[in-house]
Amino acid sequence: QVQLVESGGGLVQPGGSLRLSCAASGRMSSAYVMGWHRQAPGMQRELVAEITGRKFLVFGDAAEGRVTIDRDNAKNTVTLQMNNLKPEDTAVYYCKAVIPWETSTESWGPGTQVTVSS
């Protein structure tokens, strides 16, 4: 099993930027797809972006064009750079890791709060 810990959340003004990091430990490998999801109060959890071990990228609808995602397979980390943040980006951001063909490997971090407000 893989353990995930997010960092980098906080309060940012509209139009600002934020960088989130996720560190994975345990039986990690490049077979894992790593990604970021978010959940706002009263809303369903949604995909922000994910990246495969070979760095193929998938973006969710909400933040596409304003986020970049990258991973360091040697360090088992994944980062999410968010730019031009909007109040509607306010949510708890969760790191996720899963081997797509082994759904029992799915792991989630505890989440980090991002608040966009003036």
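Preceding block: the structure.
Residues numbered from 1 in each chain as written. Predicted model: local features only at pLDDT ≥ 70, side-chain atom pairs only at ≥ 80, totals over all residues. Heavy atoms only, no water.

A. Summary view of the overall build of the protein. Per the secondary structure count, the protein includes zero helices and eleven strands. Here the C-alpha atoms of the protein give a radius of gyration of 13 Å, agreeing with the 13 Å that 2.2 N^0.38 yields for 118 residues. Dimensions of the protein, computed from the C-alpha atoms along their principal axes, are close to 40 × 25 × 25 Å. Considering the protein as a whole, with its 118 residues, one finds that 41% of them fall into the buried category. Partitioning the contacts of the protein with sequence separation of at least 6, the portion at a separation of at least 24 is 53%. Accessible surface for the protein amounts to roughly 6,300 Å². Of this, 49% is attributable to carbon and sulfur atoms. (Helix = DSSP H or I, 4+ residues; strand = E, 2+ residues; numbered from the N terminus. Rg over C-alpha atoms; globule rule 2.2 N^0.38 Å. Buried < 20%, exposed > 50% of the residue type's maximum accessible area, 1.4 Å probe, protein only. Contact = heavy atoms within 4.5 Å. Areas by Shrake-Rupley, 256 points an atom, 1.4 Å probe, with all protein chains shown as cover.)

B. Here's a closer look at the packing of aromatic side chains. Inspection of the entire model under this criterion finds one aromatic pair. Judged by centre distance (6.4 Å) and plane angle (85 degrees), the ring pair of Tyr 94 and Trp 108 falls under edge-to-face. Of this pair, Tyr 94 sits in strand 9 (residues 91-99) while Trp 108 sits in strand 10 (residues 102-108); the two residues are 14 residues apart in sequence, bridging distant segments of the chain. The positively charged end of Arg 45 is found above the aromatic ring belonging to Tyr 94, 3.7 Å away from the centroid. If you follow Arg 45 out to its NZ or CZ, it ends over the ring of Trp 108, 4.6 Å from the centre. (Phe/Tyr/Trp six-rings, centres within 6.5 Å; stacked < 30°, edge-to-face > 60°. Lys NZ or Arg CZ within 6 Å of the ring centre and 35° of its normal.)

C. Broad picture of the state of the cysteines. Tallied over the full model, the rule gives one disulfide. The residue that forms a disulfide with Cys 22 is Cys 95, at a sulfur-sulfur distance of 2.1 Å. Across the S-S bond linking Cys 22 and Cys 95, the dihedral sits near -85 degrees, which makes this disulfide left-handed. Here Cys 95 lies in strand 9 and Cys 22 lies in strand 3 (residues 18-26), a separation of 73 residues in the sequence. (Disulfide = S-S within 2.5 Å.)

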